[in-house]
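Understanding the architecture of this molecule
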Amino acid sequence: MNKGDIVRLKIEDISHEGQGIGKADGFAVFVKNTVVGDVVDAELTKVKKNYAFGRVAEMVEESQLRQEPLCQYAGQCGGCAFQKMKYEGQLELKRKQIADKLTRLGGIENPLVRETVGMAEPFRYRNKASMPVSTGGLITKKGGIVEPVHEPRIGFYQAKSHDVVDCSDCMIQSEPAMAAAKALRQFMEEDNITSYDPRWEKGLMRHMIVRTAMGTGQVMVILVINGKGIPNAAKLVQMLDDAIFEVPVYEEGPLAGVEFSLEIGVVNINKKNTSDVLGEECITIAGSPTIVEKVGDLEFEISPLSFYQVNPEQMEKLYGKVVEYADLKGGETVLDLYCGVGSIGLFLADDMRKKGDEAGRVIGIESVKPAVIDANRNAVINGIVNTRYVCGKAEEELPKMVSGEGLKDESLRVTKADVVVLDPPRAGCDEGLLEAVCQVAPEKIVYVSCDPATLARDIKFLGAKGYKFVEATPVDMFPWTGHVETVCLLSKKCPV
């Protein structure tokens, strides 16, 4: 195959970036603006050794899964790569992608992957919006001097770019988040507040992060700045408070009757010229230090730097599946690794409590100290006494618990675990951690994954250690995007 060739393709898959994938003589071709089921004549624009890229020269047959994008920024913002595909098609595609990865990378023949658990209304689901703040571009003045245009853009990056699309609304973000962005935009224009430009390493405002507690209506706004403070910050706080308070109350749906209010305003200082969004220093400029979220029967306190699942409606379904797979009977020792603010472990501990189990215990490990503080506080808030949360890297702390070497608290010694829950970041689990998990010989491992490729890799490793893949259930935490969460059950026993 050569650049400029025209090949006919039936699109059978979609990449995370939203490019359709078809095959010509076994050769994978990535084609923009296509969805599964399209038949196209594609002109090859770039040819590599094992794959190629192309553009649609002619649409031969449109897929029944194709639809018009629902968002005005589709094709500009890089956030929702699956905009042109009907939602039911996305759910099946994600199930198929997980099954393919488990087969191809995990070495599992015909893995049992259940239907993807979707949303009835897959909109406004994100409880965390991370929005970069940028200038309005560049202008050349007299004498050839190039300077930034100080028109604030607040929104989301274009695909494979650091150019910011100024978004007045987003179909997957909460309304309080977009109201806060509008208020910040107005404040910056009125008070001549500059936005950070990495090319000059100048400008004040870098990012705005808004966390919305869907169950309680409490809102946290984090303003990431390249400086020591925000001029006239009290005015900005009032504008944010007014904007969030004016968000209409829903009359129906999961958020029916929830009234939103600004609970906490935080300045995060990040003076480094880095791609990292947050710096290490947080200063509360208004309200309390945390917000409270309610999911199911439990409440969770969330601090500015804590990890928390971004889709609370689907989170309850996800954790419900973890509880189902763990199938606790009473008296078990459960390890919750990469535990964040302790939400999975607390769901499991609550399940023990409902069954009258006072002998069981949950031990969680998390590397982010504020999250561990939140986890222990969340246990107290919910009246759960059989959980312990430890700060440190799971791959370092668990071997200490197993061997006893370097362990400061003997009550944390673990010689045998009944259930281990793994909820690692996208990179998956450290191999040393998986070795330590196998040493405590749990009957079940429940693996919660946000990346099917690293999930398959880790399952293959655990398979070689005697753990059999039972089944997996995808949960669509991120509708309209190429991402999916998966709950997977592994067992030392063969399934019945």
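In the block above lies the structure referred to throughout.
Residues numbered from 1 in each chain as written. Predicted model: local features only at pLDDT ≥ 70, side-chain atom pairs only at ≥ 80, totals over all residues. Heavy atoms only, no water.

1. Let's talk about the packing of aromatic side chains
Put simply, the rule is: Any pair of Phe, Tyr and Trp rings, taking the six-membered ring for Trp, is counted once the centres come within 6.5 Å. Such a pair is stacked with planes under 30 degrees apart, edge-to-face with planes over 60 apart, and tilted for the rest. Throughout, exposure labels follow a simple rule: accessible area from a 1.4 Å probe, protein chains only, divided by the maximum for the residue type, with under 20% read as buried, over 50% as exposed, and the rest as partly exposed. In DSSP terms, a helix is any run of H or I states spanning at least four residues, a strand is any run of E spanning at least two, and both are numbered starting from the N terminus. Should the NZ of a Lys or the CZ of an Arg lie within 6 Å of a ring centre and within 35 degrees of the ring normal, that charge is described as sitting over the ring.
Scanning the model with the defined rule gives eight aromatic pairs in all. Where Phe-300 meets Tyr-308, the ring centres are 6.0 Å apart and the plane angle is 55°; that geometry is what we call tilted. We classify Phe-300 as buried; its relative accessible area is 0%. Centre to centre, the rings of Tyr-319 and Phe-347 are 5.3 Å apart; their planes meet at 70°, and the pair counts as edge-to-face. Of this pair, Tyr-319 sits in helix 4 (residues 312-326) while Phe-347 sits in helix 5 (residues 343-354), placing them 28 residues apart in sequence. With a relative accessible area of 2%, Tyr-319 lands in the buried category. Judged by its relative accessible area of 13%, Phe-347 is buried. Put simply, the rings of Phe-300, Tyr-308, Tyr-319 and Phe-347 pair up and form one aromatic cluster. Over the aromatic face of Tyr-196 sits the side chain of Arg-206, whose NZ or CZ is 4.0 Å from the ring centroid.

2. Examining a nonpolar patch on the surface
So the rule is basically this: To count toward a patch, a residue needs a relative accessible area over 30% and no salt bridge; like charges are then connected within 9 Å, while nonpolar side chains (Val, Leu, Ile, Met, Phe, Trp, Tyr) are connected within 5 Å. A 1.4 Å probe and the Shrake-Rupley method give the accessible areas. Residues count as covered only by the protein chains that appear here. Here a salt bridge means any side-chain nitrogen of Lys or Arg lying within 4 Å of a carboxyl oxygen belonging to Asp or Glu.
Taken together, the side chains of Leu-278, Leu-305 and Val-368 define a hydrophobic patch exposed on the protein surface, amounting to about 180 Å² of accessible area. When you line up the elements, Val-368 lands in the loop between strand 19 (361-366) and helix 6 (369-381). Accessibility expressed as a relative area gives 31% for Val-368, which makes it partly exposed.

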